[in-house]
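Listed below are the residues making up each chain.
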Amino acid sequence: MKEVKTVEEVRNVVNPVKKSGKSIGLVPTMGFLHEGHLSLIKRAREENDFVVVSIFVNPTQFGENEDYGSYPKDLERDLKRCEEAGVDLVFHPSPEDMYKNHKTYIKVYDLSEKLCGVTRPIHFRGVATVCAKLFNISKADRAYFGQKDAQQFIILKKMVEDLNFDIELKRCPIIREKSGLALSSRNKYLSDKEKEDALVLQDSLKKAESMLKEKRDPSEIIAEMEKIIHLVDYAKIDYIKIVDLENLEDVEKIDRDVLVALAVQVGPARLIDNIIYEV
Ligand code: PAF
């Protein structure tokens, strides 16, 4: 496994790979790798000749009062995990290298303003911009993302379509702890008690799933989900939404594929989770 820090070094490695006709799979990450990331790497390994993992806590996707400064990091452990997972190249640039005199940003309008975009107005602009850079730098044929960040995936798909990127994006299933809690690097902020309380997210989604099968009214489903979340008195709901899987618009009836998504502040961590319901 090679480990590099600069764009030039990545190019020196991937250009010959590309020239020889091999396929490249990219797994973009912000590090502090968990089983969710490892499942993306495994899939990339299965579907490509050459696997690149990027580890970069991207400053442009964090708002002023968010956790950029305290985002968990463990590069040594991440490199070890990548090596064990059969990664070919790890790219871990510095923010200075990635954003030297930077003037260009990509915003996917409309989709970026919904759900998480309401309380995190610059977040998806940062995600789209850094992913566009990583797609170009790695020259990947395919890139792998987790469904936990469902809105991120929908936005990146739209960017790829609108800007004609020659890359295929793959959405991979959410990986959960045994308890059912969706894996996230931010789970590190939670105490054992908060982790247990955070299971109301998964419980509310399970309730939604059973109600969706009965084709119940979305507002009725959301009301039931809220009741479950409120069983934890300190949990603060940012949103619970049932939206069209492509345009993220609220749906009035369950007559198409929908995303049931929620964001809830549980103590120190803002947690997101979702299910996709296909009719
Ligand atoms: O999902 C993430 O970890 C990040 O948003 C990503 C895609 C690596 C971009 O910084």
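Residues numbered from 1 in each chain as written. Predicted model: local features only at pLDDT ≥ 70, side-chain atom pairs only at ≥ 80, totals over all residues. Heavy atoms only, no water.

Structural notes on the nonpolar core
Core analysis: the largest hydrophobic core is formed by 49 residues, its most contacted members being Phe135, Met159, Leu169 and Leu259. Counting residues per element, this core draws most heavily on helix α6 (residues 123-138), at 9 residues. When neighbours within four sequence positions are excluded, Phe135 is seen to be in contact with Leu26, Ala140, Ala143, Phe145, Met159, Val160, Phe165, Ile167 and Leu169. Among the nonpolar cores identified, the runner-up in size contains 30 residues, and Leu212, Ile222, Ala269 and Ile275 belong to it. (Core = buried A, V, L, I, M, F, W, Y, C linked by side-chain atoms within 4.5 Å. Buried < 20%, exposed > 50% of the residue type's maximum accessible area, 1.4 Å probe, protein only. Helix = DSSP H or I, 4+ residues; strand = E, 2+ residues; numbered from the N terminus. Contact = heavy atoms within 4.5 Å.)

Quick look at the sheet that holds strand β6 (residues 168-172)
As summarised here, the arrangement of the 6 strands in space is β1-β4-β3-β2-β5-β6, forming an open sheet in which the pairing is parallel. Strand pairing shows two members of the sheet lacking a second neighbour, β1 (2-4) and β6, which therefore form its edges. In this sheet, adjacent strand axes meet at a mean angle of 25° when their direction is disregarded. In terms of strand pairing, strand β2 (residues 24-29) meets strand β3 (residues 50-55) through 6 bridges, oriented parallel. Looking across to β3, one finds that Ile24 is bridged to Phe50. Helix-sheet contacts for helix α2 (residues 35-47) involve β2, β3, β5 (142-146) and β6, and the interaxial angle to β5 is about 155°. (Pairing = 2+ DSSP bridges. Axes fitted to C-alpha atoms, helices over the stretch in contact; angles between N-to-C directions.)

Observations concerning the sheet that holds strand β9 (residues 269-277)
Two pairing modes exist for strands in a sheet, parallel and antiparallel, and in both the strands are linked by backbone hydrogen bonds. Spatially, β7-β8-β9 is the arrangement adopted by the 3 strands of the open sheet, whose pairing is antiparallel. Both outer strands of the open sheet, β7 (236-244) and β9, are each paired with one neighbouring strand and no more. Recorded for the sheet is a direction-independent mean angle of 10° between the axes of neighbouring strands. Here β7 pairs with strand β8 (residues 258-266) via 8 bridges, running antiparallel. For Lys241, the partnering residue across the bridge sits in β8 and is Ala261. The strands touched by helix α10 (residues 218-229) are β7 and β8; relative to β7, the strand with the most contacts, the crossing angle is about 155°.

Function cannot be read off these values alone, since they describe shape.
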